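Topology and contacts: notes
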Amino acid sequence: MIQAMALDVLQPSADLMTDVLPASAYPKLISLANDSLNVLMVEDVYSDAMIIKIALDATKIPFELSKIRRGDAVLPHLSISRMISELPDLILMDLGLPGMDGFEVLAEMGALPASIRHIPIVILTAHKHFEYIQDTYPSLHIIGYMNKPCSATDIKPFLLRARFERDRQNIH
């Protein structure tokens, strides 16, 4: 059984936007909503990465995808991305990675600057019951987990939340 759990997933509604945002923000909001999400997928298994890519495509939400296959490449990638102001809007993180496993990557990310620690992270796993991870890394912005293989229905709430959070930051 395929299962995904989005922790506190926020899906913006028109009522929410009119209650929270000033009228001057609407043109910028429309512009931002059309921008692609910058998604970083950290996955070493080719077939799993292809299924995730197919699920992302099926959501019909525009995105640009960066792929990393080794855990020890994540921190250098994020550091360079931060220097050129192109951090991902969402990280899809597998836990069983070569070089440095996902648990080690998450632990080291906890010591990085806030701009990196606050990137929404979705844990990808072939196992069940990984709810405890959010409590294990409280300084990170882990928004949920997905069991592999995943579908568009599983991943879409996370994309919507990442886009909402990115757009909310860019408006204010």
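It should be emphasised that the depicted structure is a prediction, and the values quoted were computed from it without experimental measurement.

1. Observations concerning the pairing of strand S2 (residues 37-42)
Looking along a regular strand, one sees the side chains alternate between the two faces of the sheet. Where burial is concerned, most of S2 is hidden: six out of the six residues are buried. The side-chain alternation of S2 yields two buried faces, one formed by Leu 37, Val 39 and Met 41 and the other by Asn 38, Leu 40 and Val 42. Where S2 meets strand S3 (residues 63-68), six bridges bridge the pair, whose relative direction is parallel. Each residue of the ladder has a partner; that of Leu 37, found in S3, is Phe 63.

2. A short note on the pattern of salt bridges
Per the counting criterion, the structure on display carries eight salt bridges. Here Arg 70 and Asp 72 are joined by a salt bridge, their closest N and O atoms 3.0 Å apart. One salt bridge connects Asp 94 with Lys 148, and the closest N-O pair in it is separated by 3.1 Å. Of the two residues, Asp 94 is situated in strand S4 (residues 90-94) and Lys 148 in the loop between strand S6 (141-147) and helix H8 (152-171); the sequence distance between them amounts to 54 residues. A single burial state applies to Asp 94 and to Lys 148, both of which are buried.

3. Quick notes on helix H4 (residues 74-83)
Val 74, Leu 75, Leu 78 and Ser 81 are the residues of H4 that are buried. Here the buried residues of H4 occupy an arc of 125° about the axis, which is enough to place them on one side. Tucked into the core, H4 has its buried residues touching S2, S3, S4, helix H5 (102-109) and helix H6 (114-117). Of the residues flanking the end of H4, it is Ser 85, one or two places downstream, whose phi is positive at about 55°.

4. Concerning the side chain of Glu 165
By secondary structure assignment, the location of Glu 165 is in helix H8. In this structure the side chain of Glu 165 is engaged in a polar contact, spanning 2.8 Å, whose partner is the side chain of His 141. Filtering out sequence-adjacent residues up to four positions away, Glu 165 remains in contact with Pro 120 and His 141.

5. Considering a nonpolar patch on the surface
A contiguous nonpolar patch, built from Ile 80, Met 83 and Ile 84 and spanning about 350 Å² of accessible area, is present on the exposed surface. With respect to the secondary-structure elements, Ile 84 resides in the loop between H4 and S4. Classification of Ile 84 by relative accessible area gives exposed; the value is 53%.

6. Observations regarding the nonpolar core
Of all hydrophobic cores here, the largest spans 24 residues; its most connected members are Leu 78, Ile 91, Met 93, Leu 106, Met 109, Ile 121 and Ile 123. Only S2, H4, S4, H5, strand S5 (120-125) and S6 provide two or more residues apiece to this core. Apart from residues lying up to four places away in sequence, Leu 106 is in contact with Leu 95, Ile 121, Ile 123, Ile 133, Tyr 137 and Leu 140. Counting residues in each nonpolar core, the second largest holds 21 residues, with Leu 56, Ile 61, Leu 124 and Met 146 among its members.

7. Things to note about the pairing of S6
In terms of burial, S6 is a largely internal element, six of the seven residues being buried. Looking at chain direction, S5 and S6 are connected through six bridges and run parallel. Within S6, the residue paired with Ile 121 across the bridge is Ile 142.

8. Quick look at the confidence of the model for the chain
Averaged over every residue, the pLDDT of the chain is 82; the share at 70 or more is 77%. For residues 1-19, every residue scores under 50 in pLDDT, and the model assigns this stretch 37 contacts once sequence neighbours within four places are set aside.

9. Some thoughts on the packing of H4 against H5
Interaxial distance between H4 and H5 falls to 10 Å at its minimum, and their mutual angle equals 35°. Mapping the contact onto sequence places Val 74, Leu 75 and Leu 78 in H4 and Val 105, Glu 108 and Met 109 in H5. Split by residue class, the contact of H4 with H5 holds five nonpolar, no polar and one charged.

Definitions and cut-offs
Residues numbered from 1 in each chain as written. Predicted model: local features only at pLDDT ≥ 70, side-chain atom pairs only at ≥ 80, totals over all residues. Heavy atoms only, no water. Buried < 20%, exposed > 50% of the residue type's maximum accessible area, 1.4 Å probe, protein only. Helix = DSSP H or I, 4+ residues; strand = E, 2+ residues; numbered from the N terminus. Pairing = 2+ DSSP bridges. Salt bridge = Lys/Arg side-chain N within 4 Å of Asp/Glu carboxyl O. Arc of directions from axis to C-beta. Contact = heavy atoms within 4.5 Å. Polar contact = N/O pair within 3.5 Å; in protein donor to acceptor, adjacent residues only side chain to side chain. Patch = residues over 30% accessible without salt bridge, like charges linked within 9 Å, V, L, I, M, F, W, Y side chains within 5 Å. Areas by Shrake-Rupley, 256 points an atom, 1.4 Å probe, with all protein chains shown as cover. Core = buried A, V, L, I, M, F, W, Y, C linked by side-chain atoms within 4.5 Å. pLDDT = per-residue confidence, 0-100. Axes fitted to C-alpha atoms, helices over the stretch in contact; angles between N-to-C directions. Nonpolar A, V, L, I, M, F, W, Y, C, P; charged D, E, K, R; others polar.

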